[in-house]
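# Tertiary structure, described
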Amino acid sequence: MSNIPVMAAAQFAATFALRPHLFSWFLGAGASAASGIPTGFAMIGDFKKRIFCRETGYSLREVDTGDPLWIERIDDFFRRTALLPPNGDPREYSAAFEAVYPNEKQRRQYIDDAICKGTPCFGHRMLGALMVSKQLNCVFTTNFDALVEESAAEVNALLPAQTRVKPVVAALDSADRAQRCLDESDWPLIAKLHGDYQSVLIKNTDSELAHQDERMRHVLTESCKRFGLVVVGYSGRDASVMQALESVLRDPNPYPNGLYWVTSSTNRLLPAVQTLLSNAVLAGVDVAIVEAKTFDELAADLLTQTQLSEMLIQHVLQYQAPPRLEPVKLFGEYARPFPVLRYSALLVSELPRVARRMVLKKAATTADVRQQLKEKKCRAVVAAMGRELAVFGNDSQVVEALADFGAQPAGTIELNPDRDSWALGLLYEAMVSALSYRRPLRPRYKRSGHSLIVAPPRTDEDPEKAQERQTQLAALRSAYESDLTGTVPKLDYPYQEGIFLKLEQIEDRWWCGFEPYTFVSVPRRHSSESDGEDGQGAGRPQVARAGDPAGDWRRERWVQKYNRQWASIINAWAALLTTSERGTLSAFGLSSEQGVDAVFAVSPVTGWSRPAHHDNYFDRTK
């Protein structure tokens with residue numbers, strides 16, 4: 001992909017505006033996302049949720065697919081079963097759709113219900129204006145909705161009858177219309193490659209998508225030999241469509257005005273798309289990846305570059321979303337230099353980019369591998385994906401501990417926490433290990449969220465180690481103004497001060513959030529159910545459902561801590577977590593010859609905000 005140029009949406013708009021009628025457009029489900037119609041990715045999530053509930057007995061109301069913990073649980077379920085192709089597989093959508101709704105009539109009804117929620121977005125209205133102004137000849141789409149033709153109809157209603165341009169709409173059951181438009185150059189044309197929501201014929205399942213309708217395929221490929229192609233909101237999951245686009249490259253003059261693939265990020269392109277673009281470069285086609293966050297943002301750049309009448313411009317602008325950034329008048333007086341809001345969050349300026357890749361002779365789950373490592377007393381952080389592992393730790397020790405699985409190193413694997421939940425989970429656990437490494441802290445890994453607690457002193461502790469421990473915890477002890485470990489009065493339950501940890505991305509930056517909390521070890525009744533996804537909770541006692549007996553004591557302990565104490569506690573935790581000799585934190589302290597370590601660069605300064613202007617409130621003395 002390195003040999004394919006990447007251009008901004010504004011740069012593409014300038015290129016397009018030179019000869020807009022020399023381009024055809026290809027719209028996928030992502031182009032209709034702003035219209036309120038679920039994307040293919042959203043539908044996959046819905047289908048997986050329904051299958052998961054059906055197979056496990058959960059009710060649909062219990063499962064929240066907006067919760068990362070539920071997402072991880074569902075993903076783990078499908079990793080351990082063979083019900084669906086793996087994440088990102090081109091067949092994932094069609095296989096999931098057919099697994100939930102095996103009847104064609106049911107699938108059509110599902111699509112009808114989804115389509116009814118949609119109204120044309122700003123991007124659709126921009127295409128409608130280009131089409132009616134005779135600057136856009138052809139739009140292909142895998143979508144079932146009628147948003148482009150509705151947009152064109154709205155524009156036509158503003159024009160005198162004799163100047164109106166009505167597009168021809170062709171679906172699978174009316175492919176002859178598309179062929180006639182091609183033969184007679186009777187544009188504009190809107191071609192529905194997978195059918196129209198009102199059609200009897202629609203394509204959704206593997207068998208239906210395996211072969212594109214020959215007439216519609218012919219129109220698509222012939223169009224790509226006459227025009228350039230702009231692809232928006234399309235993932236490339238349909239093998240039949242991708243094969244048709246690939247077949248164009250065998251023509252002496254494929255995509256004569258270029259091939260432009262619009263995406264929010266180059267990292268989101270599927271392998272099939274990357275292959276097509278690379279082959280197009282080899283065939284001498286002008287290829288570019290256009291980065292635009294949304295279809296609407298791309299349309300806004302097109303509107304500034306293309307030639308439309310004032311009436312059409314005003315019509316399209318009615319539907320433009322309000323800008324996310326509004327101009328404001330800045331105060332001229334210098335703001336006070338102290339923070340108003342203090343956040344218990346540390347900026348993670350650098351995350352590990354790769355982990356060790358290990359292959360297994362037999363498939364295993366993450367829980368299976370963690371249990372084996374625990375039994376062999378091998379410290380490592382792992383994520384399992386069938387017969388592959390992503391590992392942080394000592395290579396030789398991990399191979400020895402996982403001998404039953406036949407683990408062998410096989411290079412490295414890239415980590416993309418923006419896209420892969422398993423990578424985010426791996427980095428989350430590795431970060432907890434790095435923050436506790438060579439510190440008097442103990443990590444606690446739970447499905448509900450990881451945490452660190454202050455390690456209590458041991459009766460057999462070496463005096464030198466005990467002194468080092470006291471030195472490391474001195475600032476924290478001073479900030480709390482009390483012991484960090486001990487027993488709850490009258491209850492004799494052991495307690496330890498600690499923090500809940502969270503790794504999350506906010507505005508394109510990664511942050512390590514921490515929340516101070518007093519952990520109390522309450523006597524529990526034993527249960528055979530696991531309390532941790534790593535299998536370490538098997539047989540762990542659980543709290544009886546009779547409330548928290550130490551709750552009143554804990555609340556009384558914290559209610560006396562005001563802003564000054566909170567600020568000191570946050571400072572002390574930040575210093576304890578980030579102090580290191582090299583300025584970075586590592587989970588295991590390994591050399592490159594020993595294995596792949598998880599190394600993080602974490603700022604020692606917590607996040608905070610300044611006031612935007614001066615106010616008399618800041619001059620108060622009480």
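Residues numbered from 1 in each chain as written. Predicted model: local features only at pLDDT ≥ 70, side-chain atom pairs only at ≥ 80, totals over all residues. Heavy atoms only, no water.

This part is about the pairing of strand E21 (residues 599–609). Here strand E9 (residues 341–350) runs beside E21; their pairing, made up of five bridges, is antiparallel. When the sheet's bridge partners are listed, Leu 341 is paired in E21 with Ser 609. Where strand E19 (residues 585–586) and E21 come together, two bridges link them in antiparallel fashion. Counted as the bridge partner of Ser 586 is Val 599 from E21. (Pairing = 2+ DSSP bridges. Helix = DSSP H or I, 4+ residues; strand = E, 2+ residues; numbered from the N terminus.)

Our next topic: the pattern of salt bridges. A complete count under the given rule lists 21 salt bridges for this structure. Across the pair Glu 388 and Arg 357 runs a salt bridge whose closest N-O atoms are separated by 2.8 Å. Here Glu 388, found in strand E12 (residues 388–394), pairs with Arg 357, found in strand E10 (residues 354–359); they are 31 residues apart in sequence, far enough to count as distant. Residue Arg 357 is classed as partly exposed on the basis of its relative accessible area of 23%. Here the salt bridges share partners, and the residues they tie into one network are Glu 72, Asp 76, Arg 79 and Arg 80. (Salt bridge = Lys/Arg side-chain N within 4 Å of Asp/Glu carboxyl O. Buried < 20%, exposed > 50% of the residue type's maximum accessible area, 1.4 Å probe, protein only.)

With that settled, consider the environment of Ala 95. Inspection of the secondary structure assignment puts Ala 95 in helix H4 (residues 92–100). Taking relative accessible area as the criterion, Ala 95 reaches 16% and is therefore assigned buried. For the pair Ala 95 and Pro 85, spaced ten residues apart in the sequence, the C-alpha separation amounts to 7.5 Å.

A few words on the confidence of the model for the protein chain. Interpretation of this model should avoid reading the predicted coordinates in detail wherever pLDDT is low. Across the protein chain, the average pLDDT comes to 85, with 88% of residues at or above 70. For residues 197–212, every residue scores under 50 in pLDDT, and the model assigns this stretch 58 contacts once sequence neighbours within four places are set aside. This model gives residues 527–545 a pLDDT under 50, and the stretch forms 37 contacts once residues within four places in sequence are excluded. (pLDDT = per-residue confidence, 0-100. Contact = heavy atoms within 4.5 Å.)

Take the sheet that holds strand E8 (residues 287–291) next. Read across the sheet, eight strands follow the order E1-E8-E7-E6-E2-E3-E5-E4 without closing on themselves; strand pairing throughout is parallel. The two strands at the open ends of the sheet, each matched to only one other strand, are strand E1 (6–8) and strand E4 (168–170). Shown here is a sheet whose adjacent strand axes are inclined to one another by a mean of 20°, direction ignored. When strand E6 (residues 228–232) meets strand E7 (residues 259–263), the two strands line up parallel, connected through four bridges. Bridge assignment links Val 230 to a residue of E7, and that residue is Tyr 260. (Axes fitted to C-alpha atoms, helices over the stretch in contact; angles between N-to-C directions.)

Next up on the list: a nonpolar patch on the surface. Side chains of Leu 341, Tyr 343, Val 605 and Trp 608 sit close together on the surface and give an oily, nonpolar patch of about 380 Å² of accessible area. Listing elements by their share of the nonpolar patch, those giving two or more residues are E9 and E21. Inspection of the secondary structure puts Tyr 343 in strand E9. The class of Tyr 343 is partly exposed, set by a relative accessible area of 37%. (Patch = residues over 30% accessible without salt bridge, like charges linked within 9 Å, V, L, I, M, F, W, Y side chains within 5 Å. Areas by Shrake-Rupley, 256 points an atom, 1.4 Å probe, with all protein chains shown as cover.)

Orientation of helix H8 (residues 175–184) relative to helix H10 (residues 214–226), taken along the N-to-C sense of each, is 25°, at an axis distance of 9 Å. In terms of orientation, H8 and H10 fall into the roughly parallel class. Seen from above, H8 lies across H10 with left-handed handedness. The segment H8 lies against H10, with Ala 175, Asp 176, Ala 178, Gln 179 and Leu 182 engaging Arg 215, Met 216, His 218, Val 219, Glu 222, Ser 223 and Arg 226. Split into classes, the residues belonging to the contact of H8 with H10 amount to five nonpolar, three polar and four charged. (Parallel < 35°, antiparallel > 145°, perpendicular 65-115°, else oblique. Left-handed = near helix turned anticlockwise from the far one by under 90°. Nonpolar A, V, L, I, M, F, W, Y, C, P; charged D, E, K, R; others polar.)

Ranked by size, the top nonpolar core spans 50 residues in total, and within it Phe 392, Leu 426, Leu 476, Trp 573, Leu 577 and Phe 600 carry the most contacts. The element best represented in this core is helix H17 (residues 421–436), accounting for ten residues. Excluding its chain neighbours within four sequence positions, the residues that come into contact with Leu 577 are Leu 346, Leu 435, Arg 439, Leu 441, Leu 452, Ile 499, Phe 514 and Leu 585. (Core = buried A, V, L, I, M, F, W, Y, C linked by side-chain atoms within 4.5 Å.)

What follows deals with the packing of aromatic side chains. All told, the structure shown has 22 aromatic pairs when counted by the stated rule. Between Tyr 234 and Trp 261, the aromatic rings sit 6.1 Å apart at their centres with planes inclined by 40°, giving tilted as the arrangement. Linking Tyr 234 in the loop between E6 and helix H11 (239–247) with Trp 261 in strand E7, this pair joins segments that are 27 residues apart in sequence. For the pair Phe 500 and Phe 519, a centre-to-centre distance of 5.1 Å together with 55° between the ring planes defines the contact as tilted. With Phe 500 in strand E17 (residues 494–506) and Phe 519 in strand E18 (residues 509–520), this pair connects stretches of sequence that are 19 residues apart. The partly exposed category is assigned to Phe 500, whose relative accessible area is 31%. (Phe/Tyr/Trp six-rings, centres within 6.5 Å; stacked < 30°, edge-to-face > 60°.)

So, about the side chain of Gln 135. Within the secondary structure layout, Gln 135 lies in the loop between helix H6 (122–132) and strand E3 (138–141). On the basis of relative accessibility, which here comes to 13%, the residue Gln 135 falls in the buried class. Residues in contact with Gln 135, not counting those within four places in the same chain, are Pro 20, His 21, Leu 130, Gln 307 and Leu 308.

Turning our attention to helix H12 (residues 271–282). With twelve residues, H12 should cover 16 Å at 1.5 Å per step; its first-to-last C-alpha distance of 17 Å lies within 8% of that length. Those residues of H12 not exposed but buried are Val 273, Leu 276, Leu 277 and Ala 280. Buried residues of H12, viewed axially, fall in a sector of 95°; they line one side. Residues Pro 271 and Leu 282 are exposed on H12 and point more than 90 degrees away from its buried face. (Expected span 1.5 Å × (residues − 1). Arc of directions from axis to C-beta.)

As a further point, take the packing of helix H2 (residues 40–56) against H4. In contact at an axis separation of 9 Å, H2 and H4 are set at 40° when each is read in the N-to-C sense. With respect to their mutual orientation, H2 and H4 come out oblique. In the packing of H2 onto H4, the handedness of the crossing is left-handed. Across the interface between the two elements, Gly 40, Met 43, Ile 44, Phe 47, Lys 48, Arg 50, Ile 51 and Arg 54 from H2 touch Glu 92, Tyr 93, Ala 96, Phe 97, Ala 99 and Val 100 from H4.

A separate point is unusual backbone geometry. Put simply, Trp 187 and Pro 188 share a cis peptide bond, and its omega is 5°. Structurally, the position occupied by Pro 188 is in the loop between H8 and strand E5 (189–192). Positive phi, close to 50°, is recorded for Ser 185, a residue that is not glycine. Relative to the assigned elements, Ser 185 resides in the loop between H8 and E5. Phi is positive for Lys 490, which is not a glycine, with a value near 70°. By secondary structure assignment, the location of Lys 490 is in the loop between strand E16 (485–487) and E17.

In this fold, Pro 254 is placed in the loop between H11 and E7. A residue is classified by how much of its surface remains accessible, and Pro 254, at 8% relative accessible area, is buried. Remark: the alpha-carbon pair of Pro 254 and Ala 283, spanning 29 residues in sequence, is separated by 8.0 Å. Apart from the residues lying within four places of it in its own chain, the contact partners of Pro 254 are Cys 224, Val 248, Leu 249 and Val 285.

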